[in-house]
Amino acid sequence: MFKYLAVIVTYNRAEKLKREVNSLLLQTVKPSKIIVVDNDSSDNTHDYMTALARDNSKIVYKKMNKNCGGAGGFYEGIALAKRFNVDWIALADDDAIYDKEFFKNIALASQKNNDIFCFTGSVRYPTGEIQLDHRRQTREKIFIHQNNIPIECYQQNFYLQAFSFVGVVINKHMVDKVGLPEREYFIWCDDTEYSLRVNKYTPILNISAAIVYHDTKKDSNNKYQGYIPNWKYYYGLRNSILMNKKHSKHPSIYKFFLFFLEIKKIVTPLVKYRYYHPYIFKTMIMYHKAFHDGENSISGINSQFLPKK
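Residues numbered from 1 in each chain as written. Predicted model: local features only at pLDDT ≥ 70, side-chain atom pairs only at ≥ 80, totals over all residues. Heavy atoms only, no water.

A. Representation of the overall build of the protein in the model. The helix and strand tally for the protein stands at ten helices and twelve strands. Relative to a compact globule of 309 residues, whose C-alpha radius of gyration would be 19 Å, the protein shows 20 Å and is just as compact. Projecting the C-alpha coordinates of the protein onto the three principal axes gives extents of approximately 55 × 40 × 35 Å. Put simply, the protein has 309 residues, and 50% of those count as buried. If the 44 positive side-chain charges of the protein are averaged to one point and the 30 negative ones to another, these points end up 3 Å apart. (Helix = DSSP H or I, 4+ residues; strand = E, 2+ residues; numbered from the N terminus. Rg over C-alpha atoms; globule rule 2.2 N^0.38 Å. Buried < 20%, exposed > 50% of the residue type's maximum accessible area, 1.4 Å probe, protein only. Lys, Arg positive; Asp, Glu negative; His and termini not counted. Charge placed at Lys NZ, Arg CZ, Asp CG, Glu CD.)

B. Expanded view of the sheet that holds strand β10 (residues 162-163). Strand order in the open sheet formed by three strands is β8-β7-β10, and the pairing between neighbours is antiparallel. The open sheet has two edge strands, β8 (144-148) and β10, and neither has a second partner. By the bridge criterion, two bridges tie strand β7 (residues 135-140) to β10 in an arrangement that is antiparallel. What sits directly across from Arg 136, in β10, is Ala 162. (Pairing = 2+ DSSP bridges.)

C. View of the pattern of salt bridges. Following the criterion strictly, the structure yields 16 salt bridges and no others. In this structure, Asp 95 and Arg 13 form a salt bridge, with 3.4 Å as the shortest nitrogen-oxygen distance. Within this pair, whereas Asp 95 is found in the loop between β4 (88-93) and β5 (96-98), its partner Arg 13 is found in the loop between β1 (4-10) and α1 (14-25), the two being separated by 82 residues in sequence. Where Arg 19 meets Asp 215, a salt bridge forms, and the shortest distance between an N and an O atom there is 2.8 Å. Here Arg 19 is found in helix α1, whereas its partner Asp 215 is found in the loop between β12 (204-214) and α7 (232-247), with 196 residues between them in sequence. Among the charged side chains, a network of salt bridges with common partners joins Glu 182, Glu 193, Arg 197 and Lys 246. (Salt bridge = Lys/Arg side-chain N within 4 Å of Asp/Glu carboxyl O.)

D. Main features of unusual backbone geometry. Omega for the bond connecting His 277 with Pro 278 falls within 30 degrees of zero, at 10 degrees, which places this linkage in the cis form. Of note, Pro 278 is situated in the loop between α9 (273-276) and α10 (280-295). Even without being glycine, Asn 12 reaches a positive phi, approximately 55 degrees. Note that Asn 12 resides in the loop between β1 and α1.

E. Main features of the side chain of Gln 27. Assignment of secondary structure puts Gln 27 in the loop between α1 and β2 (33-38). A polar contact of 3.4 Å, which involves the side chain of Gln 27, links it to the backbone nitrogen of Phe 102. There is a polar contact of 3.2 Å between the side chain of Gln 27 and the backbone nitrogen of Phe 103. (Polar contact = N/O pair within 3.5 Å; in protein donor to acceptor, adjacent residues only side chain to side chain.)

F. View of α7. Relative to the 22 Å expected for 16 residues at 1.5 Å per residue, α7 spans 22 Å between its end C-alpha atoms, a close match to the ideal helical length. Of all the 16 residues making up α7, twelve are buried; the element is thus mostly covered by neighbouring parts of the structure. For α7, the set of buried residues is Tyr 234, Tyr 235, Gly 236, Leu 237, Arg 238, Asn 239, Ile 241, Leu 242, Met 243, Asn 244, Lys 245 and His 247. Buried residues in α7 make contact with β7, β8, α6 (190-198), α8 (251-271) and α10. (Expected span 1.5 Å × (residues − 1). Contact = heavy atoms within 4.5 Å.)

G. Here's a closer look at a nonpolar patch on the surface. A surface patch of nonpolar side chains, amounting to about 820 Å² of accessible area, comprises Ile 253, Phe 256, Phe 257, Phe 259, Phe 260, Leu 261, Ile 263, Val 267 and Val 271. Note on placement: Ile 263 falls in helix α8. With a relative accessible area of 40%, Ile 263 lands in the partly exposed category. (Patch = residues over 30% accessible without salt bridge, like charges linked within 9 Å, V, L, I, M, F, W, Y side chains within 5 Å. Areas by Shrake-Rupley, 256 points an atom, 1.4 Å probe, with all protein chains shown as cover.)

H. How the structure looks around the packing of aromatic side chains. Taken as a whole and judged by the stated rule, the model has 26 aromatic pairs. Centre to centre, the rings of Trp 88 and Phe 119 are 5.7 Å apart; their planes meet at 50 degrees, and the pair counts as tilted. Of this pair, Trp 88 sits in strand β4 while Phe 119 sits in strand β6 (residues 118-124), and the two are 31 residues apart along the sequence. Taken individually, Trp 88 and Phe 119 each receive the classification buried, so the pair is uniform in this respect. Taking the centre distance of 6.2 Å and the plane angle of 40 degrees together, the rings of Phe 163 and Phe 165 count as tilted. Put simply, the rings of Phe 2, Tyr 4, Trp 88, Tyr 98, Phe 102, Phe 103 and Phe 119 touch in pairs and so form one group of aromatic residues. Across the ring face of Tyr 48, the terminal group of Lys 18 is positioned such that the distance to the ring centre comes to 5.3 Å. Between Arg 183 and the ring centre of Tyr 75, over which it is positioned, the NZ or CZ distance is 4.2 Å. (Phe/Tyr/Trp six-rings, centres within 6.5 Å; stacked < 30°, edge-to-face > 60°. Lys NZ or Arg CZ within 6 Å of the ring centre and 35° of its normal.)

Just geometry here; none of it tells us what the structure is for.
Right, dumping it as structure tokens:
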């Protein structure tokens, strides 16, 4: 028997959340519980979830008193999941939609591979196209090098080292070994860092027939579109530095190279003036702040870089 619960972290995306919850309720292999961690949403998420939890005993709703980001949300969600009598914990943001046989395929795989304690599914855009950046190979030397798993690998199951929190299913006993996500990352890299820890204890196997749809649009990748700064970039860069410091095979050498990496990153907006204009100096300041905080192991929420409410 495959006994699992699902953890969802949400913030101000009630309509997407509804579709995801519904996709879990319609699974051919039903979840024991659905835990929704609400990062203090200001839309109608609270009303929807309160009513749903009242009418359905499978629903566990936890509303945070502030936005802790995806990292903080998954920290809280996994900590709460450990209290329940299940064997597996599924993880996804609020913009995932599970194919109705997602967990049937994961359950069958777990029966055939009882020495594997973490599985992932194939992430696809709503159009059906595979979104490659959710499943990656890594090489942990001085730097953590990441490469997307090639599309041809999806013709069968494959092993990976790094995942996003979209369609991940991990054994609860494995969580006891690796601990909880780095909640102070706020957003970005928390899932990659967590997967690196998981992979030290168990192989991670992607079940290609287990499909989860990611309700987002594909990037245009138009290099002539122009650059617009995003508050998330600070966390992505800072947390990447924190993650590399933690998992590098040669952390002292990595710290030495950080000085040169910072110079290269900060001068990039000047070299590529036409692309970064008119946000050149704003971007340079953001990059400098991210390097400063990463080098000095400063994590958590930075008041200069916050999501819009």
